[in-house]
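Each chain, letter by letter, is given below.
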Amino acid sequence: MAKLLILGGTAEAAELTARLAGDDRLETVTSLAGLTRLPNVGSGQVRRGGFGGPDGLAAFLKNGGYDALVDATHPFAAQIARHAAEAVEMSGTPRVKLVRPAFARTPADRFVPVADIESAAKALPQNARVFLAAGRRELAPFAARSDLWCLVRMIEPPAADEALPKGELILGRPPTDPDAEIALFKEHKIEWIVSKDSGGRAGAKIEAARRLKLPVVLVERPAPPKGTTVESVDAVIAWLESTLFHG
Ligand code: NAP
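Residues numbered from 1 in each chain as written. Predicted model: local features only at pLDDT ≥ 70, side-chain atom pairs only at ≥ 80, totals over all residues. Heavy atoms only, no water.

A few points about the overall build of the chain
Then step 1. Each helix and strand in the chain was counted, giving 8 helices and 12 strands.
Then step 2. Along the first, second and third principal axes, the C-alpha set of the chain runs to 60 × 35 × 30 Å.
Then step 3. A burial count over the chain gives 49% of its 247 residues as buried.
Then step 4. Partitioning the intrachain contacts of the chain with sequence separation of at least 6 by distance along the chain shows that 63% fall at a separation of at least 24.
Then step 5. Summed over its atoms, the accessible surface of the chain is roughly 12,000 Å², and 52% of this surface lies on carbon and sulfur atoms.
Then step 6. Each charge class in the chain can be summarised by its mean position, and for the 31 positive and 30 negative side chains these summaries are 4 Å apart. (Helix = DSSP H or I, 4+ residues; strand = E, 2+ residues; numbered from the N terminus. Buried < 20%, exposed > 50% of the residue type's maximum accessible area, 1.4 Å probe, protein only. Contact = heavy atoms within 4.5 Å. Areas by Shrake-Rupley, 256 points an atom, 1.4 Å probe, with all protein chains shown as cover. Lys, Arg positive; Asp, Glu negative; His and termini not counted. Charge placed at Lys NZ, Arg CZ, Asp CG, Glu CD.)

Some points on a nonpolar patch on the surface
Then step 1. Taken together, the side chains of Leu164, Leu169 and Leu171 present a nonpolar region at the surface, about 260 Å² in accessible area.
Then step 2. As for its placement among the helices and strands, Leu169 is situated in strand β9 (residues 167-171). (Patch = residues over 30% accessible without salt bridge, like charges linked within 9 Å, V, L, I, M, F, W, Y side chains within 5 Å. Salt bridge = Lys/Arg side-chain N within 4 Å of Asp/Glu carboxyl O.)

Notes on the pattern of salt bridges
Between side chains of opposite charge, a pair can form as their charged atoms come close.
Then step 1. Overall, the coordinates contain 15 salt bridges when judged by the stated rule.
Then step 2. When the shortest N-O distance is used, the salt bridge between Arg100 and Glu12 registers 2.6 Å. Of this pair, Arg100 sits in the loop between β5 (95-98) and β6 (111-114) while Glu12 sits in helix α1 (residues 11-20), placing them 88 residues apart in sequence. Note on accessibility: Arg100 and Glu12 belong to one class, buried.
Then step 3. Of the charged contacts in the structure, one is a salt bridge between Arg105 and Asp197, with a shortest N-O distance of 2.8 Å. Pair noted here: Arg105 is in the loop between β5 and β6 and Asp197 is in the loop between β10 (192-196) and α7 (204-212), with a separation of 92 residues, a long-range link.
Then step 4. Assessed through its relative accessible area of 44%, Arg105 is described here as partly exposed.

Quick look at the environment of Ile117
Then step 1. One can find Ile117 in helix α4 (residues 117-123).
Then step 2. Of the residues examined, Ile117 reaches a relative accessible area of 15% and is grouped as buried.
Then step 3. Once the C-alpha coordinates of Ile117 and Asp197 are considered, the two residues, 80 residues apart in sequence, prove to be 11 Å apart.
Then step 4. In this view, Ile117 contacts Glu138, Pro141, Phe142 and Val219; residues no more than four positions away in its chain are not counted.

Section: the packing of α1 against helix α8 (residues 233-244)
Then step 1. It is at 10 Å that the axes of α1 and α8 come closest, and there the two elements cross at 50 degrees. Looking at the two axes, α1 sits oblique to α8. You can see that α1 and α8 cross each other, and the crossing is right-handed. Of the residues in α8, those touching α1 at Glu12, Glu15, Leu16, Arg19 and Leu20 are Val233, Asp234, Val236, Ile237 and Leu240.
Then step 2. Of the residues belonging to the contact of α1 with α8, the class tally is 6 nonpolar, no polar and 4 charged. (Axes fitted to C-alpha atoms, helices over the stretch in contact; angles between N-to-C directions. Parallel < 35°, antiparallel > 145°, perpendicular 65-115°, else oblique. Left-handed = near helix turned anticlockwise from the far one by under 90°. Nonpolar A, V, L, I, M, F, W, Y, C, P; charged D, E, K, R; others polar.)

As for the site of the ligand
Then step 1. Taken together, the neighbourhood of the ligand is formed by 22 residues, with Ser31, Phe51, Gly52, Gln79 and Lys196 sitting nearest.
Then step 2. Here an oxygen atom of the ligand and a backbone polar atom of Gly8 are 2.8 Å apart.
Then step 3. Lys196 is positioned such that a nitrogen or oxygen atom in its side chain is 2.7 Å from an oxygen atom of the ligand.
Then step 4. Relative to its unbound accessible area of 820 Å², the ligand is 75% covered by the protein chains.
Then step 5. Where the shell around the ligand is concerned, the elements lending two or more residues are β2 (26-32) and α3 (78-91). (Near = heavy atom within 4 Å. Polar contact = N/O pair within 3.5 Å; in protein donor to acceptor, adjacent residues only side chain to side chain.)

Here's the deal with the packing of helix α2 (residues 53-63) against α3
Then step 1. Two numbers describe how α2 lies on α3: the axes approach to 8 Å, and their chain directions differ by 50 degrees. Classified by the interaxial angle, the pair formed by α2 and α3 is oblique. The two elements α2 and α3 cross, and the hand of that crossing is right-handed. Mapping the contact onto sequence places Gly53, Pro54, Asp55, Leu57, Ala58, Leu61 and Lys62 in α2 and His83, Ala84, Glu86, Ala87, Val88, Met90 and Ser91 in α3.

Overview of the domain arrangement of the chain
Then step 1. Along its sequence, the chain is organised into domain 1 (2-101 + 224-244) and domain 2 (111-219).
Then step 2. In this structure, domain 1 and domain 2 have C-alpha centres spaced 29 Å apart.
Then step 3. At the junction of the two partners, domain 1 supplies 9 residues and domain 2 supplies 11 residues.
Then step 4. Between the two partners, domain 1 and domain 2, sit 0 salt bridges.
Then step 5. Where domain 1 packs against domain 2, one counts 3 residue pairs in polar contact (both at pLDDT 80 or more).
Then step 6. Looking at the side of domain 1 that touches domain 2, its residues break down into 5 nonpolar, 2 polar and 2 charged. (Domains from an automatic or database assignment.)

Written out as structure tokens, the structure reads:
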């Protein structure tokens, strides 16, 4: 039986394990960073926590007898993607990176593309009222702009030592209904949205911004490390067939 390590923490990783669950040629282990309280893990075995850098991951792959690695981490999880690419060079493990496509653009978008989260904070005009969908450790550039008022939504609470921007904090997952986002943005007189281009379906906040004609400062995804990159779970499964089973 072939053994597969999936670096997860995304809906695609969960979908992949669910689709591979009935395949008795394969044993899957999903690795999670361990930061999220209620992660969607799909099927198969799960392990949690960092590997201790590329050397640690290379040793984990070798000692665990893994035949292949699927890096299905989030497009903005750049460090683990880099570590995975370096680790497989050391261990000689075949690896594929799954990166979902960027948000589809529409004529209704008022996107202001920027390279990173620091540039996003700089792109906002003076005294703007901002909706910010942020991850951990992404708030400092906005906290440094004391003229801004920010409605911040985070899935996990900010770290205890994290500076918060002036405004309000909402904890929770994003709604799927654009009308709920429209009501929220209107209630707080939001003028600008800041979002990462996490890719895939653009989601309710981007649709709400389109309908309200609000500008969106859109943080573009970092380039994936070199190596095979695919955009869908189907393509990962085809890669596994040809790499492990020569199908
Ligand atoms: P990151 O900055 O690229 O990684 C930081 C460190 O966390 C890595 O060096 C690694 O530690 C450990 N790590 C990350 N993902 C791991 C995994 N799947 N299994 C084991 N260790 C992992 O990552 P991040 O942006 O903090 O994201 C952490 C996790 O959350 C990822 O798995 C990602 O798929 C998920 N996620 C991230 C975002 C986002 O916007 N960044 C959004 C949704 C989900 P070592 O070097 O010690 O191995």
